[in-house]
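Single-letter residue listing:
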Amino acid sequence: MEKFTEKFIEEATDNISNLEDALLKLENDPGSTDLVERVFRSMHSLKGGGSMFGFTKLSDFTHHLENLWDNIREGHLQVNQGLLDITLQAVDHLKVLLKEKDELSPDTETTHKNLTVQVMKFLGEENTADAGEGVSDSSSGDSGDDSKTYYIYFDPAENIFDDGTNPLFLLDELNSLGQCKIIPYLHRIPVLHEMEPVKCYTYWEVILATQEDENAIHDVFIFVQEQAEINVHLLSNTNLFNNSSFLEQLEQQASGEKDLGFEGFRDMVDGLTAKEDSAEVADNRPAKGSGSKESTISSIRVESEKIDHMMNLVSELVTTQARLSLRAEQLKDSELEGIAENVQKLTRQLRDNAFDVALVPVETMLTRFQRLVRDLSGSLNKKVNFTAEGTDTELDKNIIEKLTDPLLHIIRNCIDHGIETPEERSKAGKPEEGKITFKAFYSGASVHIQVHDDGKGIDPEKIRKKAVERNLISPEASLSRKEIFDLTFHPGFSTAENITDVSGRGVGMDVVKRNLGEIRGEVEIDSEPGTGTTITVKLPLTLSIVDGLLVQIAESKYVIPLSAVDKIYAVKHSEVVDHFNNLIVLDGERTPFFNLREEFHLPESENETEEIVAVRYEETRVGLVVDNVIGEYQAVLKSMGKMYKEQEMISGATILGDGTVALVMDTNKMIEKFSSYQEDRNSIVE
């Protein structure tokens, strides 16, 4: 049962996220019936699942919300700000109820009562309005029974119990929708010695008279659509339970052993029509979307831990395949080399497929950002419009998990310090409503995420003065624009004039940079005073395996990520040793370079020729001099451990086919580091 409860929590979390997303979109499009349906369906799923898995508080609370939004769906209430506010508060409360189940803390209990009262208040006002209309209707002599009668065929798969689903609970929920006659068919049940108690052998025909629409009936089966044959047809536009002839024939059918089918019930009602002109028989065509279940399963839900386990196995396979290839090469066995080559191809395909499975679109993070913008801008009396582009861009799920908090902090800073108040914006000739744009896109083998606001921007001169005051730089220091903005990532650094509850204490951007560094990400700031600020986060597609170039430097091997490599050149040793300005002409272009033996304080090479690996760095190319290039290599990244946590030039280590270790270079940080060692080299790499 615990496994099924975990599955419910997982699905409920998705439903709550979907609910929150729909509510935020409704704020900009309050007339959208599709969004109202999304809200209602999410609530209905939460209510049904909560009841089934013992989350009574959550189920009851969602029931009230569902009633409220049913009134909106039926046109009795309109979507307005107050209603969205209370529903979004309810969404936050649902998240807590999902964690605490029915054992609520005192604070949660208080919140639960207060929110329930507020939701009931909305419903009470509506009920009052309905009561007034009811008096009017009564005077017109209308009986008020506008129920319709539906035929429902419910045939669960034999293994439906495997997921913890009890079909009787679904039938009970159907019964709650109106007047109901449920007819079970038991003729499939085998003799006792052949019967398996874990299988479901029963199916049902249900006649339901209800004022709910057909969607409400389908919602009952929302969790079992792939595990059962479900047919829903409108049988009559009237309540057939008011017809004594129909009830008599229905009881006769209930005592039978075989199902009658929709056609049979339709004939039954047609017969009644011939006798009673007052009976209105429904169109016998199946309603749109109510056909039998589709047999094709387009997607399945997989536990996150299973994906992590699969990625670990693929990583180990890549390492083992490298050993096999090396051994085949050493033995000079052509047949073994052929096998090793095939294993390498299959491993690469498997690796790529595994990567695809582990990639998640960035849009999964957006709801939290939209909610933050809505709530924080409201509390600061600012008007902010949040838009997102490139939301289908995908990243490793482990990166997504660690990226959300840094981005929340960046957006929080945009709202608090970037976007001006409506009055300030009007004085500056800007629209009262500020804009925050979230943009994600691929750039080579990396993903870039930009957060741009059109607020007041950051004055680089102000940063510089602040840095001098704090003795971070000398007054005479010559810094590039990028280096000045990088000062904002120094611990405790802030240019905010006022400290608020939200930010301004200088705590945050250094943490943002550190957290992004843990996932091999980089962050840059660019800003224009009066125009706005753009913060760019650069991320690797995945954390576990990189395609690299294996190189030799003295006795050690290193891996340079292929995504950074532009071209390889063979050069004479004399051209790259004891060079005055570390510039060399490659393909007719003056290119700065670093001799890695010199930078690593290793003895000078005795080789007559060496190789330069030209890598991309910002807008230019920089050469890295190595002894020789061995070839391409798939590097399975391993952590360097706590001892090497502070170093930045190496992003990890990988085990080679012969069991030795190669270090994986972070070329950008390596070039930055080498440049900072010698001030006269700064001008070379800018």
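Residues numbered from 1 in each chain as written. Predicted model: local features only at pLDDT ≥ 70, side-chain atom pairs only at ≥ 80, totals over all residues. Heavy atoms only, no water.

Draft legend 1. Quick peek at the overall build of the protein chain. Counting secondary structure elements, the protein chain contains 20 helices and 21 strands. Counting across all 686 residues of the protein chain, residues that qualify as buried make up 44%. Taking all contacts inside the protein chain whose residues are at least 6 apart in sequence as the whole, residues at least 24 apart take part in 70%. Summing over all exposed atoms, the protein chain offers an accessible surface of approximately 35,700 Å²; the carbon and sulfur share of this is 48%. (Helix = DSSP H or I, 4+ residues; strand = E, 2+ residues; numbered from the N terminus. Buried < 20%, exposed > 50% of the residue type's maximum accessible area, 1.4 Å probe, protein only. Contact = heavy atoms within 4.5 Å. Areas by Shrake-Rupley, 256 points an atom, 1.4 Å probe, with all protein chains shown as cover.)

Draft legend 2. Expanded view of the sheet that holds strand β2 (residues 178-185). The four strands are arranged β2-β3-β1-β4 in an open sheet whose pairing can be described as antiparallel. Taken across any chain shown, the strands that pair with only one partner, and hence form the sheet edges, are β2 and β4 (228-236). Across the sheet, the mean angle separating the axes of adjacent strands is 15 degrees when strand polarity is ignored. Pairing analysis gives eight bridges linking strand β1 (residues 148-156) to β4, with the strands arranged antiparallel. (Pairing = 2+ DSSP bridges. Axes fitted to C-alpha atoms, helices over the stretch in contact; angles between N-to-C directions.)

Draft legend 3. Local environment of the nonpolar core. If you look at the biggest cluster of nonpolar residues, it comprises 58 residues, and the most contacted ones within it are Trp69, Leu94, Leu174, Ile217 and Phe221. The contacts of Leu174, once residues within four sequence positions are left out, are Ile152, Val206, Leu208, Ile217, Val220 and Phe221. The next biggest cluster of nonpolar side chains, apart from the first, holds 44 residues, and it includes Ile436, Ala467, Ile484 and Ile535. (Core = buried A, V, L, I, M, F, W, Y, C linked by side-chain atoms within 4.5 Å.)

Draft legend 4. Representation of the side chain of Asp666. For Asp666, the position within the fold is in the loop between β21 (661-665) and α19 (667-677). The buried charged residue Asp666 lacks any salt bridge partner; its closest oppositely charged side chain belongs to Lys669, at an N-O distance of 4.1 Å. (Lys, Arg positive; Asp, Glu negative; His and termini not counted. Salt bridge = Lys/Arg side-chain N within 4 Å of Asp/Glu carboxyl O.)

Draft legend 5. Structural detail: the sheet that holds strand β18 (residues 620-626). Read across the open sheet, the five strands follow the order β14-β17-β18-β16-β15; overall the sheet is mixed. Strands at the two margins of the open sheet, each flanked by one partner only, are β14 (565-572) and β15 (583-586). Across this sheet, the average inter-strand angle for adjacent strands is 40 degrees, counted without regard to direction. Sheet topology note: the β14/strand β17 (residues 609-617) ladder contains seven bridges and is antiparallel. Each bridged residue has a counterpart across the sheet, and for Lys567 the counterpart in β17 is Ala614.

Draft legend 6. Examining the environment of Thr404 more closely. Of note, Thr404 is situated in helix α13 (residues 397-418). Exposure remark for Thr404: the relative accessible area of 9% places this residue in the buried category. Expressed as a C-alpha distance, the spacing of Thr404 and Thr364, which sit 40 residues apart in the sequence, is 9.8 Å. Setting aside chain neighbours within four positions, we find Thr404 in contact with Met365, Arg368 and Phe369.

Draft legend 7. Spatial organisation of helix α17 (residues 509-518). Taken together, the buried positions of α17 are occupied by Met509, Asp510, Val512 and Leu516. All buried residues of α17 lie within an arc of 160 degrees about the axis, which places them on one face of the element. Those residues of α17 that are buried are in contact with α13, β10 (522-528) and β11 (532-540). (Arc of directions from axis to C-beta.)

Draft legend 8. The arrangement of the packing of aromatic side chains in detail. Under the defined criterion, the tally for this structure stands at ten aromatic pairs. Aromatic side chains Tyr151 and Phe265 sit 5.5 Å apart centroid to centroid with 40 degrees between the ring planes, which places their arrangement in the tilted category. Of the two residues, Tyr151 sits in strand β1 while Phe265 sits in helix α9 (residues 261-275), which places them 114 residues apart along the sequence. You'll find Tyr151 and Phe265 in the same group, each marked buried. Centroid distance Tyr558 to Phe600: 5.5 Å. Interplanar angle 35 degrees. Geometry classified as tilted. Of the two residues, Tyr558 sits in strand β13 (residues 556-561) while Phe600 sits in the loop between α18 (596-599) and β17, which places them 42 residues apart along the sequence. Ring pairs connect the aromatic residues Tyr558, Phe594, Phe600 and Phe674, which therefore count as one cluster. One cation-aromatic arrangement involves Arg73 over Phe40; the distance from NZ or CZ to the ring centre is 3.7 Å. When the ring centre of Phe55 is taken as reference, the NZ or CZ atom of Lys101 above it lies at 5.1 Å. (Phe/Tyr/Trp six-rings, centres within 6.5 Å; stacked < 30°, edge-to-face > 60°. Lys NZ or Arg CZ within 6 Å of the ring centre and 35° of its normal.)

Draft legend 9. Region of interest: the packing of helix α10 (residues 304-331) against helix α11 (residues 334-358). Direction vectors running N to C along α10 and α11 enclose 160 degrees, while the axes themselves pass 9 Å from each other. The angle between α10 and α11 places the two elements in the roughly antiparallel class. Crossing angle aside, the handedness with which α10 passes α11 is left-handed. Taken together, the residues of α11 that come into contact with α10 (itself represented by Ile307, Met310, Met311, Val314, Leu317, Val318, Gln321, Leu324, Ser325, Ala328, Glu329 and Leu331) are Leu336, Glu337, Ala340, Val343, Gln344, Thr347, Leu350, Arg351, Ala354, Phe355, Val357 and Ala358. Split into classes, the residues belonging to the contact of α10 with α11 amount to 17 nonpolar, four polar and three charged. (Parallel < 35°, antiparallel > 145°, perpendicular 65-115°, else oblique. Left-handed = near helix turned anticlockwise from the far one by under 90°. Nonpolar A, V, L, I, M, F, W, Y, C, P; charged D, E, K, R; others polar.)

Draft legend 10. Geometry of the packing of helix α3 (residues 56-73) against helix α4 (residues 81-100). Packing of α3 against α4 leaves a shortest axis separation of 10 Å and a crossing angle of 160 degrees. Between α3 and α4, the crossing angle belongs to the class labelled roughly antiparallel. Every pair of crossing elements has a handedness; the one defined by α3 and α4 is left-handed. When α3 is examined against α4, the residues Lys57, Leu58, Phe61, Thr62, Leu65, Leu68, Trp69 and Ile72 are found in contact with a partner set consisting of Leu83, Leu84, Thr87, Ala90, His93, Leu94, Leu97 and Leu98. Partitioned by chemical class, the residues of the contact of α3 with α4 number twelve nonpolar, three polar and one charged.

Draft legend 11. Up close: unusual backbone geometry. Residues other than glycine seldom take positive phi values, yet Asn381 does so here, at roughly 55 degrees. With respect to the helices and strands, the residue Asn381 is situated in the loop between α12 (366-379) and β6 (384-389). Residue classification places Asn381 among the exposed positions, given a relative accessible area of 61%. Here the phi dihedral of His601 falls at roughly 55 degrees; this positive angle occurs in a residue that is not glycine. Take His601: it is sitting in the loop between α18 and β17.

Draft legend 12. Molecular detail of the pattern of salt bridges. Applying the stated criterion to the full structure yields 37 salt bridges. Across the salt bridge formed by Asp566 and Arg616, the nearest N and O atoms sit 3.3 Å from each other. With Asp566 in strand β14 and Arg616 in strand β17, this pair connects stretches of sequence that are 50 residues apart. The class for Arg616 is partly exposed, based on a relative accessible area of 38%. Asp627 serves as the salt-bridge partner of Arg597, at 2.8 Å between the closest nitrogen and oxygen. One end of the pair, Arg597, is in helix α18; the other, Asp627, is in the loop between β18 and β19 (628-636), with 30 residues separating them in the sequence. Each member of the salt-bridge network shares a partner with another, and the members are Glu20, Glu27, Asp85, Asp92, Lys95, Arg371, Arg374 and Asp375.

Read these as layout, nothing more, since geometry by itself doesn't imply function.
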